[in-house]
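So you can see what is in the structure, the chains are spelled out below.
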Amino acid sequence: MEVTSIVNGIIIDHVPAGTALKVLDYLKIDPAKTKLALIMNTDSHLYGSKDIIKIEDRDGEENPSIDLDVLGLVARTATVGIVRGGHIVEKKTPTLPEHVVNILTCRNPRCVTTTERGIDQMFHLTHSERQEYRCDYCDEEAKL
């Protein structure tokens, strides 16, 4: 299988195997409207297997943005390479965010975010090793 390199865009590497579509969903990237390549379950010396997402710049778009907080939440081992002129010019590593807004949804039916419209879904990190987040309003544990 041959996947050509991109000239300008972003490469999200070291995505946990089998989760690339979930990562795209959380990043709100529509595969039907974005020029991208998904390489799933490829060999990795570090992790055994991994996914890779290559996203080409859209016409006229200089710096496509990737929310590193979201990426840190759903693909903690991922790295982001910014590609310009066919070369990686910058590498970024997401970290697990301390606080997330409107990424997770509270599952508690009695939570104010469930019963009232227009309230931000806010969660805070309570245990980084277990990657545990709790709702700021009702303290319900979030399910990723």
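Fair warning: this is a prediction, and the values are worked out from it, not measured in the lab.

S.K.: I'd like a description of the sheet that holds strand S8 (residues 132–135), backed by residues and values.
M.R.: The three strands are arranged S6-S7-S8 in an open sheet whose pairing can be described as antiparallel. Across the chains shown, the open sheet's two edge strands, defined by having one partner strand only, are strand S6 (99–101) and S8. Here the strands of the sheet are splayed against their neighbours by 35 degrees on average, with no regard to which way each runs. Direction of pairing for S6 relative to strand S7 (residues 122–127): antiparallel, over a ladder of three bridges. Considered in S7, the bridge of valine 100 is made with phenylalanine 123.

S.K.: I'd love a proper account of the pattern of salt bridges, names of residues and values included.
M.R.: Counted according to the given criterion, the structure contains six salt bridges. For the salt bridge of arginine 134 with glutamate 132, the shortest nitrogen-to-oxygen distance reads 3.2 Å. Accessibility expressed as a relative area gives 9% for glutamate 132, which makes it buried. Connected via shared salt-bridge partners are Arg130, Glu132, Arg134 and Glu141.

S.K.: Kindly report on the pairing of strand S5 (residues 87–92), identifying the contributing residues and their values.
M.R.: The buried fraction of S5 is low, at zero of six residues. Strand direction decides the pairing type here: strand S4 (residues 79–84) and S5, joined by five bridges, are antiparallel. Looking at S5, one finds that valine 83 is bridged to isoleucine 88.

S.K.: Describe the environment of leucine 144, and please don't skip the residues or the numbers.
M.R.: With respect to the helices, strands and loops of the structure, leucine 144 is situated in the segment after S8. Judged by its relative accessible area of 44%, leucine 144 falls in the partly exposed class. Counting along the chain gives 71 residues from leucine 144 to leucine 73, while the straight-line C-alpha distance between them is 8.7 Å. With near-sequence residues (within four places) excluded, leucine 144 lies in contact with Lys22, Tyr26, Leu73, Leu104 and Gln131.

S.K.: Can you break down the nonpolar core residue by residue, with the values?
M.R.: Membership of the largest hydrophobic core comes to 30 residues, with the highest contact counts inside it found for Ile12, Leu71 and Tyr133. Those elements that place two or more of their residues in this core are strand S1 (9–16), helix H1 (20–26), strand S3 (48–56), helix H2 (68–74), S4, S7 and S8. Take this core: its biggest share by element is four residues, from H2.

S.K.: Run through the state of the cysteines, naming residues and quoting values.
M.R.: Inspection of every chain in the model, using the stated rule, returns zero disulfides. Unpaired in this structure, cysteine 106 has its nearest cysteine sulfur neighbour in cysteine 138, at a distance of 3.5 Å. There is no disulfide at cysteine 111, and the cysteine sulfur nearest it, in cysteine 135, is 3.7 Å away. A residue is classified by how much of its surface remains accessible, and cysteine 111, at 2% relative accessible area, is buried.

S.K.: Got a sec to walk through the UniProt feature "domain: Aspartate carbamoyltransferase regulatory subunit C-terminal" (unreviewed entry) in the chain? Specific residues and values, please.
M.R.: The feature "domain: Aspartate carbamoyltransferase regulatory subunit C-terminal" (unreviewed entry), as annotated in UniProt, sits at residues 100–141 in this numbering. Across residues 100–141 one finds 10% helix and 29% strand; the C-alpha atoms that close the span lie 13 Å apart.

S.K.: Pulling in residues and values, what's your account of the side chain of threonine 34?
M.R.: Checked against the element boundaries, threonine 34 lands in the loop between H1 and strand S2 (36–44). A polar contact is formed between the side chain of threonine 34 and the backbone oxygen of aspartate 30, at a distance of 3.0 Å.

What counts as what
- Residues numbered from 1 in each chain as written.
- Predicted model: local features only at pLDDT ≥ 70, side-chain atom pairs only at ≥ 80, totals over all residues.
- Heavy atoms only, no water.
- Pairing = 2+ DSSP bridges.
- Helix = DSSP H or I, 4+ residues; strand = E, 2+ residues; numbered from the N terminus.
- Axes fitted to C-alpha atoms, helices over the stretch in contact; angles between N-to-C directions.
- Salt bridge = Lys/Arg side-chain N within 4 Å of Asp/Glu carboxyl O.
- Buried < 20%, exposed > 50% of the residue type's maximum accessible area, 1.4 Å probe, protein only.
- Contact = heavy atoms within 4.5 Å.
- Core = buried A, V, L, I, M, F, W, Y, C linked by side-chain atoms within 4.5 Å.
- Disulfide = S-S within 2.5 Å.
- UniProt positions renumbered as here; feature names shortened; annotations may be inferred.
- Polar contact = N/O pair within 3.5 Å; in protein donor to acceptor, adjacent residues only side chain to side chain.

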